[in-house]
Each structure stands twice: as C-alpha cells, then as structure tokens.
Amino acid sequence: DAMVIQNPRYQVTQFGKPVTLSCSQTLNHNVMYWYQQKSSQAPKLLFHYYDKDFNNEADTPDNFQSRRPNTSFCFLDIRSPGLGDAAMYLCAASSGRNIQYFGAGTRLSVL
Amino acid sequence: AQTVTQSQPEMSVQEAETVTLSCTYDTSESDYYLFWYKQPPSRQMILVIRQEAYKQQNATENRFSVNFQKAAKSFSLKISDSQLGDAAMYFCAYRTNRDDKIIFGKGTRLHILP
C-alpha cells in the first residue's frame, strides 16, 4: 500500500505558468520533505516541515513555495517555472528523526 | 560540514555474483545514522538498509549487508547473489541525531549483467 502518494506522476506546464504539485501521506508522520532531483543526480532538499514549522534551505529559490494545511498533505508551488525547473520532485515523510519514506515522484516538464 | 562521498559513479556485476558499493563520509558527530537507499528506474526511492553509529554490529537485510568502519568513516554495501531487480541507482546517506535532514551521496548506478 502506498504510504506517500504524489500527484500527478507527470506534470507539464508552460514557462512562467504557476504549477502546484501535491503530496499526501498515510503514515501520520510529523515531518514532510520536498526534494528536487535532476537526471542522474542526488535529490536536493528544497524545504521541510516539522509539524507546522517550515524550514527552508538557504539555496532554495524564492520561486519555490510550500504549504502544509494538515498533517497528511503538503504542496509544492512553483510560482513562475523556468526551463531549469524541469526535474523530478520527490516528497518524503518521516516520524521525527527516523527513516524517510519517499513517494514515487512527479516529473515536471516546462515548455 | 558533513559530506557523503560515493567514488563509483557506475558499477556492473554479473547476475548471481557479489558486488560492493563504496561510501565514505565526513563528520565530527558521534551519534548518527547511515542509510543505503535504492532508486530503480521507476524512480521511487526505497530504503535498503540502515545502520546506527552506536552499534558495532553490521546491519544485514537478506542479501544486503554493510561493512561499517566507524573509525575510517566508511560504510560500504554488499549485495550478494545479485539479481536483475537490483539494477538501480544506490544512494548512501547520512543523518545526525540532531537533525531532520539527511545528506545524500551522488549515487552509484548499478548494472546487472545477465
């Protein structure tokens, strides 16, 4: 059974058109993460939530925002996608400082 | 700053053979966790094995085992009886006990030759 679910699996957007990626978890874990992963590279952490506390990485562009309306859901908003934002976006959840469980990812294409 | 280094960008192994993936890390912490994650071509990252730094015994999960050398800051993954389904990108990762974030190495792409 899927524990971290990302929708959609594939997302196509236009240059500069806002896009939102969704993540939900059935684990009831208090920490959720968003990563950006480009081809054949390690995932790069964008930000994470510890409960409702938002933690942004210092090098995450302002173009990327996130919302966590409740424990189960977390959203990644890209306000004005550029060609360089085309990537796989991975969501993960963990219970405190424990194992991170990943979703299958959303592959974003920017035209 | 903590870093994780995987010196082998790609490796190949014959099916049914054994392969070892290397990982070294740098930290001044004494309490931390180490992980190996597998990311198959379908791209979902899954945990293969984890090791608590305070445990001297090497972790084992079926065909997967680690060689944890704390003094040398080395954490290699051994895959025995390699199977076609083991083909994937393998990431070594590190986390302190004081942080929610994990640090990934750059990954090793493992090919299984039939």
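A brief report on the enclosed structure follows. Source: prediction; values computed, not measured.

What counts as what
- Residues numbered from 1 in each chain as written.
- Chains lettered and ligands numbered in written order.
- Predicted model: local features only at pLDDT ≥ 70, side-chain atom pairs only at ≥ 80, totals over all residues.
- Heavy atoms only, no water.
- Helix = DSSP H or I, 4+ residues; strand = E, 2+ residues; numbered from the N terminus.
- Contact = heavy atoms within 4.5 Å.
- Pairing = 2+ DSSP bridges.
- Axes fitted to C-alpha atoms, helices over the stretch in contact; angles between N-to-C directions.
- Phe/Tyr/Trp six-rings, centres within 6.5 Å; stacked < 30°, edge-to-face > 60°.
- Buried area = accessible area lost by both parts, 1.4 Å probe.
- Salt bridge = Lys/Arg side-chain N within 4 Å of Asp/Glu carboxyl O.
- Nonpolar A, V, L, I, M, F, W, Y, C, P; charged D, E, K, R; others polar.
- Buried < 20%, exposed > 50% of the residue type's maximum accessible area, 1.4 Å probe, protein only.

Here we come to the environment of A:Leu108. All names here are of chain A. With respect to the helices and strands, the residue leucine 108 is situated in strand E11 (residues 106-110). Remark: the alpha-carbon pair of leucine 108 and tyrosine 89, spanning 19 residues in sequence, is separated by 7.4 Å. Discounting residues that sit within four places of it in the chain, leucine 108 has contacts with Gln11, Thr13, Val19, Ile78, Asp85, Ala86, Ala87 and Tyr89.

Residues and elements named next belong to chain B. Judged from the 2 bridges that link them, strand E7 (residues 60-61) and strand E8 (residues 64-69) form a sheet pairing that is antiparallel. Directly across from glutamate 61, in E8, lies its bridge partner phenylalanine 64. Counting the residues between successive antiparallel strands, the hairpin from E7 to E8 contains 2 residues, one of them, asparagine 62, with a positive phi of roughly 55 degrees. Relative to strand E9 (residues 74-79), E8 is paired through 6 bridges, and the arrangement is antiparallel. By the bridge assignment, valine 66 is partnered in E9 with leucine 77.

With that settled, consider the sheet that holds strand E7 (residues 64-67) of chain A. All names here are of chain A. Read from one edge of the open sheet, 4 strands run E1-E3-E8-E7, paired in antiparallel fashion. The outermost strands of the open sheet, each flanked by one partner alone, are strand E1 (4-7) and E7. Direction aside, neighbouring strands of the sheet carry axes that sit 20 degrees apart on average. Bridge count for E7 against strand E8 (residues 73-78) is 4 bridges, and the pairing is antiparallel.

Between two aromatic rings, the relevant description is the distance of the centres plus the angle of the planes. Under the counting rule described, the total for this entry stands at 17 aromatic pairs over all chains. A network of ring pairs unites the aromatic residues A:Tyr33, A:Tyr35, A:Phe102, B:Phe35, B:Tyr37, B:Phe91 and B:Phe104 as a single cluster.

Tallying the contact residues gives 22 residues for chain B and 24 residues for chain A. Between chain B and chain A, the buried area comes to about 1900 Å², and carbon and sulfur atoms account for 50% of it. At the boundary of chain B with chain A, the tally comes to 1 salt bridge. Breaking the side of chain B that touches chain A down by element, the ones donating at least two residues are strand E5 (32-39), strand E6 (46-52) and strand E10 (88-96) of chain B. When the residues that make up the side of chain B that touches chain A are grouped by side-chain class, the tally is 8 nonpolar, 5 polar and 9 charged.

Moving on: the environment of B:Tyr54. All names here are of chain B. Along the chain, tyrosine 54 falls in the loop between E6 and E7. Note on tyrosine 54: relative accessible area 54%, which makes it exposed. Sequence separation between tyrosine 54 and serine 28 is 26 residues; the distance between their C-alpha atoms is 14 Å.

Put simply, A:Asn7 and A:Pro8 share a cis peptide bond, and its omega is -10 degrees. Relative to the assigned elements, A:Pro8 resides in the loop between E1 and strand E2 (10-13). A positive phi angle, close to 60 degrees, is found at A:Asn28, a residue other than glycine. In this fold, A:Asn28 is placed in the loop between strand E3 (19-25) and strand E4 (31-37). Positive phi outside glycine occurs at B:Asn62, with the angle close to 55 degrees.

As a working rule, side chains carrying opposite charge can pair if their charged atoms are close by. Applying the stated criterion across every chain yields a total of 6 salt bridges over all chains. Its salt-bridge partner being A:Glu57, residue B:Lys101 comes within 3.2 Å of it at the nearest N-O pair. Here the residue B:Lys101 occupies a position in the loop between E10 and strand E11 (103-104), and A:Glu57 occupies one in the loop between strand E6 (53-56) and E7, the pair thus bridging two chains. A relative accessible area of 17% places A:Glu57 in the buried class. For B:Asp86, the salt bridge is made with B:Arg63, and the minimal N-O distance between the two is 2.8 Å.

Before going further, it helps to spend a moment on the pairing of strand E12 (residues 108-113) of chain B. Put simply, side chains in a regular strand alternate between the two faces of the sheet. Residue and element names in this part refer to chain B. On E12, burial follows the alternation: Thr108, Leu110 and Ile112 on one face are buried, whereas Arg109, His111 and Leu113 on the facing-out side are not. Where strand E2 (residues 10-14) and E12 come together, 5 bridges link them in parallel fashion. Looking across to E12, one finds that glutamate 10 is bridged to arginine 109. Direction of pairing for E10 relative to E12: antiparallel, over a ladder of 3 bridges. In the sheet register, tyrosine 90 faces E12, and the bridge partner there is threonine 108.

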